[in-house]
Structure formats: C-alpha cells, structure tokens
Amino acid sequence: NAGVTQTPKFRVLKTGQSMTLLCAQDMNHEYMYWYRQDPGMGLRLIHYSVGEGTTAKGEVPDGYNVSRLKKQNFLLGLESAAPSQTSVYFCASSYSERSYQETQYFGPGTRLLVL
Amino acid sequence: AQKVTQAQTEISVVEKEDVTLDCVYETRDTTYYLFWYKQPPSGELVFLIRRNSFDEQNEISGRYSWNFQKSTSSFNFTITASQVVDSAVYFCALSEAESNTGKLIFGQGTTLQVKP
C-alpha cells in the first residue's frame, strides 16, 4: 500500500516549457487535491477533484490545468511555465463521504524550479 | 471569509522545554474541522490530529496536547519536554462543512527549532 505517490520528485524547467505532474493513490479515495507551498504562505489549493472525470478550481488555479481520467490518478499540467510557479507541489487525497471531516493524505511533494 | 492564522513564524527552544504553537481561525460555518500537520525537514506532511467544531475536549497524545477553545477561535498545540526530533514546520488547517469539498485552508506555518 503505497498511499499517495508523486512523479517527479524534482524538476527544473525553463520559462515557457510545459510539464505534467502525476499524482497516484491506491486507497480508492474519491477526492483528490493539488496544493502549492510557498515560503511564509502555507499551502494553497490549486485545483481539486471530487471524482473521476470531475475537476474544480481552488484558490490559485491560474496557469494550471488538471485532469482526472482515472479515479486513482490526478494530473497537474503547466502549459507555459513561469518563474512564479517555482514552488513545492503537494497532492492529497481523501474519502468522499462528508469530505470536510476526512483526513487528507499527502504525497511526498514535487519540487519545481522554473528558470 | 475563512482564514487560519499562525502568528508565530519561528520558535526556538532548548530540548526539554515545553512549547505552545498558536492557531487562530475564522469561519462563518458552524460545522468545521481543524487539523494539525507536521512537516519535518524531509518535506512530507504528516497528519497529527483533527478536531470537529462540536468537540471542545482537550486531547493528549504522549508529549503532544491540543487545546480547542471556540470562544477564542483557537486550536493551540503544546509539545511537552520537546526533543530535537520535534524540529519541523507545523501547520494548522481548517475544513468547512458548507463547502463540502474537503479543501483545507492552511495557516502560514510555524517553524519550530529544538536545540540540544
């Protein structure tokens, strides 16, 4: 039982390049989330999904897109990376029923540097 | 608007000292959950505790204890007899029932350094 995994662990991009971050969970969770962590700002929600085929915007969605084609996977895409997207990205998942009370389980994070 | 404030950016203590990390939250929802997560130097986020808005009982788990006071909208975390392994960034977070999305609103985090 791997829990929540993220690929890659670290990536360096040049401004304008694109990339996809992959999050996978093996706990059969319905809800999945992408957060970014920046110094002094805690974690902020980028996008989330309440089930396969559904996605919604969080607090800071600009410059990102997501897809949830399979229940266990949640992809975060950067179409044209900008230095402001340099951050640590965390994926999380939780059960669906009364989601507000569920504990979110986090992946190990992806460190992204945009030059 | 919902908000979580951790006013202490950094705290430094000497091993065996007790330390309290403050967390103040704002919400209009009457049903919500509060969480504490630990982020050690290795970077992962480790769940510590969750507390619902209807349960104001304090909780103790080993050297850790949590004090939830709705009257002051606070959910403070105390480490008794701190150890070097407690050095980490600690996050307080809020989840509201009204949104029913489970999204967490995080505080800015408090960096705790425990010196030997």
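Residues numbered from 1 in each chain as written. Chains lettered and ligands numbered in written order. Predicted model: local features only at pLDDT ≥ 70, side-chain atom pairs only at ≥ 80, totals over all residues. Heavy atoms only, no water.

**Observations concerning the packing of aromatic side chains**
Move 1: Evaluation of the coordinates by the stated rule reveals 22 aromatic pairs over all chains.
Move 2: Taking 5.8 Å as the distance between ring centres and 80 degrees as the angle between the ring planes, the aromatic pair formed by F68 of chain B and F75 of chain B counts as edge-to-face. The pair F68 of chain B / F75 of chain B is uniform in exposure class, with both members buried.
Move 3: Through successive ring pairs, a cluster of aromatic residues spans Y31, Y33, Y35, Y48, F90 and F106 of chain A together with Y33, F35, Y37, F47, F91 and F106 of chain B. (Phe/Tyr/Trp six-rings, centres within 6.5 Å; stacked < 30°, edge-to-face > 60°. Buried < 20%, exposed > 50% of the residue type's maximum accessible area, 1.4 Å probe, protein only.)

**Description of the state of the cysteines**
What we call a disulfide is simply a covalent bond connecting the sulfur atoms of a pair of cysteines.
Move 1: Taken as a whole and judged by the stated rule, the model has two disulfides over all chains.
Move 2: Here C23 of chain A pairs with C91 of chain A through a disulfide, and the sulfurs are 1.8 Å apart. Negative torsions about the S-S bond denote left-handed disulfides, and the value of about -75 degrees found for C23 of chain A with C91 of chain A makes this one left-handed. Here C91 of chain A lies in strand β9 (residues 87-94) and C23 of chain A lies in strand β3 (residues 19-25), a separation of 68 residues in the sequence. Comparing C23 of chain A with C91 of chain A shows no difference in burial state: the two are buried.
Move 3: Two residues share a disulfide in this structure: C23 of chain B and C92 of chain B, whose sulfurs sit 2.0 Å from each other. (Disulfide = S-S within 2.5 Å. Helix = DSSP H or I, 4+ residues; strand = E, 2+ residues; numbered from the N terminus.)

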